[in-house]
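Okay, here's what each chain looks like letter by letter:
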Amino acid sequence: MLELNNLHARVVPEDGPSREILKGLSLAVPAGEVHAIMGPNGSGKSTLSYVLTGKHGYDVTAGSATFDGDDLLSLAPEARAAKGLFLSFQYPLEIAGVPVMTFVRAAMNSQHKARGEPEVSAPEFLKLSKLAATKLRIDPDMLKRPLNVGFSGGEKKRLEIYQMLMLEPRFMILDETDSGLDIDALKVVAEGVNALRGPGRGMLVITHYQRLLDYIKPDRVHILSAGRIVKSGGPDLALELEKSGYDQFLKVD
Amino acid sequence: MTNQEGVLVGTGAMPAEGPIAAIAEMLGDGYGPAALLVEAPGERFETRISEGDAGQSGSVTVKSGATATLVERIGVSGSRLRPFLPTYAKIEIEPGATLHRIIVQANSAPAGERDAAIVLNEAVVKLGAGASFRQFVVAAGSRLTRIETSVTADEGAVVEMNAVYLAAAHRHVDLTSRVAHAAPGVHTRQLVRGVARKGGRGVFQGKFLVERAGQKTDAEMAHNALLLEEGAEVFAKPELEIYADDVACAHGNTAGQIDEDAVFYLRQRGIPDIDARAMITRAFLLEALPDWMDESLRTEVEAQIDAWLGGAS
């Protein structure tokens, strides 16, 4: 479903020199699978999520990324979203003056329009929203407030998953979704994520810690170090990491 | 000065008039009725001026216990016929009275084309003790547009002066205001939001004067502008001049570009770039719309903002 081949990418800051972050990353996530990416700070985890979703300020210098066989890198961010790519942000942005529901409805209708599907009616939208909010134990009043403004870290993460449930993406990237969540919130969020697992969907879970993977069980675990996958394995690899740390794998590099 | 019924209005010391007042009076042939006297609650008056019209000047007095809404529409069409639009209003709000004043300055000249209109609007406002003056201005500018409001507030008066400006190419829009806090306990709020495109120029000059007698003044001024394109211009001069020692006065002033990270966030959810920018900009501007505005005016202002964001001038 998602295939990355020898991906090289650099971050290009507005001021200062550009730096190569991804240095030949290869990875394949087949449909129906959940893959975890673990790695120390600075290994390129967030850069990978931004490169895949098309954020400004990142240049791909070599390699390829395809989604269902189509080149992903030549598409605008909104076109990637319409194809079904969703990023749960590590730091969700605050958008003053735009209520959550207004925003999600606009996003949903933009995606439907891009795919040539009919708009979702207001009653249908409200029904979906109520279902998603109940599942994630989100106070309905929160959905009328401006997007993420004044929300706690945990509320923001919950709201990312709310958007995910509403937009029903086909491929999800979860960037440090566990940070800022207490254990109860983590369970609720994981339940929401697991509800979207299915044969037609893929997922990339980026995390520092094993904890999230207790609740969102991955099919494969990859260790990212210095912009490359240095080891891949089954779910046990995450447990091994938790026990003995990253060092043993970094020496491989 | 007398109104149509011959009742004396507009007595007492008024703030000094500026040159716009003299021009409007010289060229004017009245301000709706030459003088408005509001004695009942809930009265509403509308004036309108566009190219080809004579200037307008007059006075408005809101008597104690009365509330009134004054809507001034300034419509620039791009016509070359007498493109000089001066307006002057001398406003007195007696103790305990309330005036809501809304100025809608629109420009329907084709986007990207120069118009000839010089729009000058001045109001000198005297507020009695415990009186309220709530003003909202939306202005799209013209060759030269200046909307100037001078307020002198007595004890415990409430002043609110929000505004939105929209400076497209070849449009100059200047919002200038001055609030003199002449007695204790005046509460003032001002939030001005503006946007400018390439070749457009927005100007905000706001001054809060707190006189020696203005103890316990509570005043906040904020001006925030977004420069939507390279080559947009915004000039801002926020001023606080304070002679009292027990006051809470704050001002904030920013001019910058739209947050690209926020734009990316919206695009990642599937909203096209142009819509994402419009959505963020619209929300930024709408924050300056006051909640006291009635539904129909709010709809009108939102429609003007939406049309502008959609590429109108």
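## Overview of the overall build of chain A
So, point 1. When helices and strands are counted, chain A shows nine helices and ten strands.
So, point 2. Compactness check: chain A gives a C-alpha radius of gyration of 18 Å against a globular reference of 18 Å for 253 residues, within 12% of the reference.
So, point 3. Across its three principal axes, chain A shows a C-alpha extent of roughly 55 × 40 × 40 Å.
So, point 4. The buried share of chain A, taken over its 253 residues, is 51%.
So, point 5. By sequence separation, contacts in chain A at least 24 residues apart represent 70% of the contacts at least 6 residues apart.
So, point 6. About 11,100 Å² of surface is accessible on chain A, with carbon and sulfur atoms providing 50% of the total.
So, point 7. Computing the positive centroid from 30 side-chain charges and the negative centroid from 32, chain A places the two 2 Å apart.

## A short note on the side chain of B:Thr149
Residue and element names in this part refer to chain B.
So, point 1. Note on placement: Thr 149 falls in strand E9 (residues 144-153).
So, point 2. Judged by its relative accessible area of 2%, Thr 149 falls in the buried class.
So, point 3. Only 3.0 Å separates the side chain of Thr 149 from the side chain of Gln 135, close enough to count as a polar contact.

## Description of the sheet that holds strand E2 (residues 19-29) of chain A
All names here are of chain A.
So, point 1. Taken in spatial order, the four strands line up as E2-E1-E4-E5 in an open sheet, and their pairing is antiparallel. At either margin of the open sheet sits one strand with a lone partner, and together these are E2 and strand E5 (70-71).
So, point 2. Looking at chain direction, strand E1 (residues 2-11) and strand E4 (residues 58-67) are connected through eight bridges and run antiparallel. Bridging across to E4, Arg 10 finds its partner in Asp 59.
So, point 3. Sheet strands in contact with helix H1 (residues 45-53) are E1, E2 and E4, and its direction is about 105° off that of E1.

## Focus on the environment of B:Arg197
Residues and elements named next belong to chain B.
So, point 1. By the element assignment, Arg 197 lies in the loop between strand E12 (187-196) and strand E13 (201-210).
So, point 2. For the pair Arg 197 and Glu 92, spaced 105 residues apart in sequence, the C-alpha separation works out to 37 Å.
So, point 3. Those residues within four positions of Arg 197 in sequence are excluded, and the remaining contacts are Ala 167, Ala 168, Leu 228, Glu 229, Gly 231, Ala 232, Trp 308, Leu 309 and Gly 311.

## Brief notes about H1(A)
All names here are of chain A.
So, point 1. Of all the nine residues making up H1, eight are buried; the element is thus mostly covered by neighbouring parts of the structure.
So, point 2. Taken together, the buried positions of H1 are Lys 45, Thr 47, Leu 48, Ser 49, Tyr 50, Val 51, Leu 52 and Thr 53.
So, point 3. A positive backbone phi angle near 85° is found at Gly 54, which sits one or two residues after H1.

## Let's talk about unusual backbone geometry
Residue and element names in this part refer to chain A.
So, point 1. You will see that Glu 168, though not glycine, has its phi angle at about 45°, which is positive.
So, point 2. Take Glu 168: it is sitting in the loop between helix H5 (153-167) and strand E7 (171-175).
So, point 3. Notably, Ala 226 is not glycine yet its phi reads approximately 50°, a positive angle.
So, point 4. Position of Ala 226 among the secondary structure elements: in the loop between strand E9 (220-225) and strand E10 (228-233).
So, point 5. Residue Ala 226 is classed as partly exposed on the basis of its relative accessible area, which comes to 31%.

## Details of the packing of H5(A) against helix H6 (residues 183-195) of chain A
All names here are of chain A.
So, point 1. One way to put it is that H5 packs onto H6 with a least axis distance of 10 Å and a crossing angle of 15°. One way to sum up the angle between H5 and H6 is to call them roughly parallel. The handedness of the crossing between H5 and H6 is left-handed. Across the interface between the two elements, Arg 158, Ile 161, Met 164 and Leu 165 from H5 touch Ala 185, Val 188, Val 189, Gly 192 and Val 193 from H6.
So, point 2. Residue composition of the contact of H5 with H6, by class: seven nonpolar, one polar and one charged.

## A few points about the pattern of salt bridges
Residues and elements named next belong to chain B.
So, point 1. Enumeration over the complete set of coordinates arrives at 34 salt bridges over all chains.
So, point 2. A salt bridge links Arg 189 to Asp 218; the nearest nitrogen and oxygen atoms lie 3.1 Å apart. Of this pair, Arg 189 sits in strand E12 while Asp 218 sits in strand E14 (residues 218-227); the two residues are 29 residues apart in sequence, bridging distant segments of the chain.
So, point 3. What makes Arg 189 partly exposed here is its relative accessible area of 24%.

Calculation notes
- Residues numbered from 1 in each chain as written.
- Chains lettered and ligands numbered in written order.
- Predicted model: local features only at pLDDT ≥ 70, side-chain atom pairs only at ≥ 80, totals over all residues.
- Heavy atoms only, no water.
- Helix = DSSP H or I, 4+ residues; strand = E, 2+ residues; numbered from the N terminus.
- Rg over C-alpha atoms; globule rule 2.2 N^0.38 Å.
- Buried < 20%, exposed > 50% of the residue type's maximum accessible area, 1.4 Å probe, protein only.
- Contact = heavy atoms within 4.5 Å.
- Areas by Shrake-Rupley, 256 points an atom, 1.4 Å probe, with all protein chains shown as cover.
- Lys, Arg positive; Asp, Glu negative; His and termini not counted.
- Charge placed at Lys NZ, Arg CZ, Asp CG, Glu CD.
- Polar contact = N/O pair within 3.5 Å; in protein donor to acceptor, adjacent residues only side chain to side chain.
- Pairing = 2+ DSSP bridges.
- Axes fitted to C-alpha atoms, helices over the stretch in contact; angles between N-to-C directions.
- Parallel < 35°, antiparallel > 145°, perpendicular 65-115°, else oblique.
- Left-handed = near helix turned anticlockwise from the far one by under 90°.
- Nonpolar A, V, L, I, M, F, W, Y, C, P; charged D, E, K, R; others polar.
- Salt bridge = Lys/Arg side-chain N within 4 Å of Asp/Glu carboxyl O.

In short, the description is geometric, and any link to function would need to be established separately.
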